Amino acid sequence: MIKKIILFVLIILAFKSCTKDDICPPDTATTAKLVIAFNDIANPNNTKNVEVLSVITDNEDSLEIISFEVTNEIAIPLSTTSDTTNYLFKRSIISSSDTINNIDKLSFIYQRNEEYVTRACGFKIEYFNLEADLENEGTENWIQEIIVTRDTVNDENSAHITLLH
Amino acid sequence: MMKIAPILLCCISLFCGTHLMVAQNNNEIATDTVPRIEKFGIRVGVDLAKPLRTLIEDGYSGFELMGDFRVTKKFYAAVELGNEKKDWDEPYISSKTSGSYAKIGFDYNAYENWLGMENAITLGLRYGFSSFKQELLSYRIYTDNPAFPTETIYDPQEFSGLNAHWAEFILGIKTEIVNNLYLSINVQLKRKISETEPENFANLYIPGFNRTYDYSEFGVGYGYSISYLIPIFKKTEVSQEKPE
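For clarity, every value in this text was computed on a predicted model and none was experimentally measured.

## Some details on the environment of G161 of chain B
Residues and elements named next belong to chain B.
Next, step 1: Along the chain, G161 turns up in strand β6 (residues 153–178).
Next, step 2: On the basis of neighbour count, G161 is assigned to the exposed category, with 9 C-beta atoms found within 10 Å.
Next, step 3: Spatially, the C-alpha atoms of G161 and D68 are 29 Å apart, while their sequence positions differ by 93 residues.

Structural data, given as structure tokens:
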């Protein structure tokens, strides 16, 4: 009896010291990305693909987030350390002979809130009072109108911003 | 290594105990007239594992006092009082918890002793209560995106006046190593009943309860202690055992 119990105790202690390290599971809702939908300027309720779209961060070490994609919805990260995130939205019309690039500058302005997630994932950012600002180039802009549909970025379920083009 | 040493010690003392029992059995002729002297009273003790961890583990300090009292032949009222400080570091969070706790409940001795022996295999239940404070030392915003790397934010925040309640199941072995002196080892399974959570943070560690888990209300723990029985009462009773 005593030996069985000792064995039981040893087994429990062995398992206790082997509990696996906490890692942040990939499906945990951490900082949400900004979801942008592209709709038709002629018919704002209809989606319209951008041919071909690239999205690049507009800062010192510019990084390509979206690279030459034909798409009508994208999700891009916002800065967790600043209240403004600047992006370059590049539309490339590629023909057999030439590639015509049109770059529009977009700024996303918001306020940030830090929220605790879990011990393994730390904290996340909730963005609120979201606004989008397009640098006006007159007729040179390929993005024609910006509609903010949801001004709180806390999930990626549907578009926060719709761009008409 | 630090965990093995106390277990070994306890095992050794237990085996010595059993050998002693066997020897005694051989020499003794069991008759129904052998008087059995039972002593009982208040048993007080300290946890040995916690001071040991205080010495060798960085970011931990703690102690625990315990006492039990025999209520009936098999049941003991039991209480543990303790204090713990613990640093908790995760890749994205670093925190410090400190506070005191009390556990009250009972132990049931499931072990049938040989004549005159005072060993025990105990099954116990406790109600645990802890009052503590927690400090969030630093944290990071989680990101898996290389475009906007995050940095650790050092902005200490203190959350005081926190408390937690839990229920605890204890499985333990006690053995009398010398007269009235007991060594015991136990494992504990706990389940949180309620807790006050700090605003926009969580209790990563609760004194007495041990670490918490993100998706579970359960906790585990262990104890290794030495205790002394103050024999207040002595009772002589005639053995019930029938000779074979």
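After that view, the rundown keeps rolling.
## Some details on the sheet that holds strand β7 (residues 122–134) of chain A
All names here are of chain A.
Next, step 1: What the five strands build is an open sheet, ordered β3-β2-β5-β6-β7; its pairing is antiparallel. In this open sheet, the two strands that pair with only one neighbour each are β3 (64–71) and β7. Across the sheet, the mean angle separating the axes of adjacent strands is 30 degrees when strand polarity is ignored.
Next, step 2: Where strand β2 (residues 50–57) lies against β3, four bridges are found, and the strand directions are antiparallel. Paired with V55 across the two strands is I66, which belongs to β3.

## Regarding the pairing of β6 of chain B
All names here are of chain B.
Next, step 1: Pairing analysis gives 18 bridges linking strand β5 (residues 120–139) to β6, with the strands arranged antiparallel. Across the sheet, the residue bridging to G124 is I170, located in β6.
Next, step 2: Note: β6 against strand β7 (residues 181–195), 14 bridges, orientation antiparallel. Each bridged residue has a counterpart across the sheet, and for I173 the counterpart in β7 is I185.
Next, step 3: The hairpin formed by β6 and β7 contains two residues between the paired strands, and N180 there has a positive phi angle of roughly 70 degrees.

## Let's talk about the sheet that holds strand β8 (residues 145–148) of chain A
Residue and element names in this part refer to chain A.
Next, step 1: Read across the sheet, four strands follow the order β4-β1-β9-β8 without closing on themselves; strand pairing throughout is mixed. Among the strands making up the open sheet, the edge pair consists of β4 (73–76) and β8. On average, adjacent strands in this sheet sit at an angle of 25 degrees to one another, irrespective of strand direction.
Next, step 2: In this sheet, strand β9 (residues 161–164) lies alongside β8 in antiparallel orientation, the contact comprising four bridges. By the bridge assignment for β9, V148 is matched with I161.

## Focus: the nonpolar core
Next, step 1: Ranked by size, the top nonpolar core spans 32 residues in total, and within it L34, I36, F108 and I161 of chain A together with Y142 of chain B carry the most contacts.
Next, step 2: Counting residues per element, the ones that place at least two in this core are β1 (34–39), β2, β5 (84–94), β6 (99–118), β7 and β9 of chain A together with β5 of chain B.
Next, step 3: Beyond its immediate chain neighbours, meaning those up to four positions away, Y142 of chain B contacts C24, T30, T31, V117, C121, G122, F123 and K124 of chain A together with Y92 of chain B.
Next, step 4: Core analysis: the next-biggest nonpolar cluster, separate from the first, contains seven residues, F132, A164, W166 and Y205 of chain B among them.

## Re the pairing of strand β3 (residues 75–89) of chain B
Residues and elements named next belong to chain B.
Next, step 1: Here strand β2 (residues 60–70) pairs with β3 via 11 bridges, running antiparallel. Within the sheet, the bridge partner assigned to E64 lies in β3 and is G82.
Next, step 2: Connecting β2 to the next strand, β3, in antiparallel fashion are four residues.
Next, step 3: Examined bridge by bridge, β3 and strand β4 (residues 93–109) share 15 bridges and lie antiparallel to one another. When the bridges of β4 are listed, W88 appears paired with S95.
Next, step 4: Connecting β3 to the antiparallel partner β4 that follows it, the hairpin turn spans three residues.

## What to know about the environment of H160 of chain A
Residue and element names in this part refer to chain A.
Next, step 1: Relative to the elements of secondary structure, H160 occurs in the loop between β8 and β9.
Next, step 2: A count of 27 C-beta atoms within 10 Å places H160 in the buried class.
Next, step 3: Discounting residues that sit within four places of it in the chain, H160 has contacts with L34, V35, L130, V148, T149, R150 and V153.

Definitions and cut-offs
Residues numbered from 1 in each chain as written. Chains lettered and ligands numbered in written order. Predicted model: local features only at pLDDT ≥ 70, side-chain atom pairs only at ≥ 80, totals over all residues. Helix = DSSP H or I, 4+ residues; strand = E, 2+ residues; numbered from the N terminus. Buried ≥ 20, exposed ≤ 12 C-beta atoms within 10 Å, placed from the backbone. Pairing = 2+ DSSP bridges. Axes fitted to C-alpha atoms, helices over the stretch in contact; angles between N-to-C directions. Core = buried A, V, L, I, M, F, W, Y, C linked by C-beta atoms within 7 Å. Contact = placed C-beta atoms within 7 Å.

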